[in-house]
Amino acid sequence: MSLVLDPAAQDLLFREARTANTFTDEPVTEEQVQAIYDLVKYGPTAFNQTPLRITLVRSAEARERLVQHMAEGNQPKTASAPLVAILSADNEFHEELPALFPAFPQAKDVFFAERPAREGSATLNAALQAAYFIVGVRAAGLAAGPMTGFDFEGVRKEFLDDDHTPLMVVNIGRPGPDAWYPRSPRLAYEDVVTTV
Ligand SMILES: Cc1cc2nc3c(=O)[nH]c(=O)nc-3n(C[C@H](O)[C@H](O)[C@H](O)COP(=O)(O)O)c2cc1C
């Protein structure tokens, strides 16, 4: 009774949502990805910096190049998922900051003039947005399979540039046969939450 979100939506987004390891061949359309982004772009980031960048790997040629950089156990699902997205952090997000955070346009120079400060902030905030993205995929009735088991430098060189840091690769689609590993336990509230 404490949650206002419809119980069916709670199940869709969390309780019944699982990390998929196999997929059907039903395509994931541009319209679906756009709807997901247009929802999750409202998730909060520091100074509204929104540093997440999404590279959709759609062509067979690009998919082959990506699979080579995946850990062996991740290769079959990355090769067969209907859509794969490379999520990265834009370390030069500050260029957009005056437009994205008009309340304090000086933030670009006051806080983010130095690259190390930008990298730390971009990684944290793009990771937050990656989480929003995964929940958005679920909101579209699809399953996500996020992975960090890959050669980060290899993926950066192959698909990105020095200004972008890869965060994770996400398989997206409808779950196929035997899509799930057994559900692992979660920590209980009292193991995680302290009150001071
Ligand atoms: C950031 C991140 C990285 C992950 N990397 C991998 C990976 O490289 N390979 C893999 O098979 N699963 C990977 N996983 C999947 C997790 O093991 C899975 O989401 C977790 O055990 C929860 O599973 P469930 O959603 O089915 O309960 C990753 C998940 C996240 C969020």
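If you're wondering where the values come from, they're calculated on a predicted model, not measured in any experiment.

Student: Help me get a handle on the site of the ligand, residues and values and all.
Tutor: In the neighbourhood of the ligand, the contacting residues comprise Arg-18, Thr-19, Asn-74, Lys-77, Pro-146, Met-147, Thr-148, Gly-149, Met-168, Arg-183 and Arg-186. Thr-19 places a polar side-chain atom, nitrogen or oxygen, 2.6 Å from an oxygen atom of the ligand. Gly-149 places a polar main-chain atom, nitrogen or oxygen, 2.9 Å from an oxygen atom of the ligand. In the complex, 63% of the free accessible area of the ligand, which totals 630 Å², lies under the protein chains. Residues that form the shell around the ligand fall into these classes: three nonpolar, four polar and four charged.

Student: Quick rundown of the pattern of salt bridges? Include the residues and the values.
Tutor: Counted according to the given criterion, the structure contains 16 salt bridges. A salt bridge links Glu-95 to Lys-108, with the nearest nitrogen and oxygen atoms 3.4 Å apart. On the criterion of sequence distance, the pair formed by Glu-95 in the loop between β2 (83–90) and α5 (97–100) and Lys-108 in helix α6 (residues 107–111) is long-range, its members being 13 residues apart. Among the residues examined, Lys-108 registers a relative accessible area of 21% and is labelled partly exposed. Look at the salt bridges and you will find they share partners, linking Glu-92, Arg-115, Arg-118, Glu-119 and Asp-163 into a network.

Student: How would you explain a nonpolar patch on the surface if you had to name every residue and give the values?
Tutor: The grouping of Leu-187, Tyr-189, Val-192 and Val-193 at the surface amounts to a nonpolar patch, some 450 Å² of accessible area in total. Within the secondary structure, Leu-187 is located in the loop between β4 (164–173) and α9 (189–192).

Student: Before we move on, could you go through helix α7 (residues 115–139) and cite the residues and values that matter?
Tutor: For the α-helix, the turn length of 3.6 residues means that residues three or four positions removed from each other point alike. The end-to-end C-alpha separation of α7 is 35 Å, in line with the 36 Å expected for 25 residues at 1.5 Å each. Along α7, the residues that are buried comprise Arg-118, Ser-121, Ala-122, Asn-125, Ala-126, Gln-129, Ala-130, Phe-133, Ile-134, Gly-136, Val-137 and Arg-138. Those residues of α7 that are buried lie in contact with α1 (7–15), α2 (30–40), β1 (52–57), β2, β3 (143–147) and β4. Among the residues trailing α7, Gly-141 stands out with phi positive, at a value near 80 degrees.

What counts, and where the lines are drawn
- Residues numbered from 1 in each chain as written.
- Predicted model: local features only at pLDDT ≥ 70, side-chain atom pairs only at ≥ 80, totals over all residues.
- Heavy atoms only, no water.
- Near = heavy atom within 4 Å.
- Polar contact = N/O pair within 3.5 Å; in protein donor to acceptor, adjacent residues only side chain to side chain.
- Areas by Shrake-Rupley, 256 points an atom, 1.4 Å probe, with all protein chains shown as cover.
- Nonpolar A, V, L, I, M, F, W, Y, C, P; charged D, E, K, R; others polar.
- Salt bridge = Lys/Arg side-chain N within 4 Å of Asp/Glu carboxyl O.
- Helix = DSSP H or I, 4+ residues; strand = E, 2+ residues; numbered from the N terminus.
- Buried < 20%, exposed > 50% of the residue type's maximum accessible area, 1.4 Å probe, protein only.
- Patch = residues over 30% accessible without salt bridge, like charges linked within 9 Å, V, L, I, M, F, W, Y side chains within 5 Å.
- Expected span 1.5 Å × (residues − 1).
- Contact = heavy atoms within 4.5 Å.

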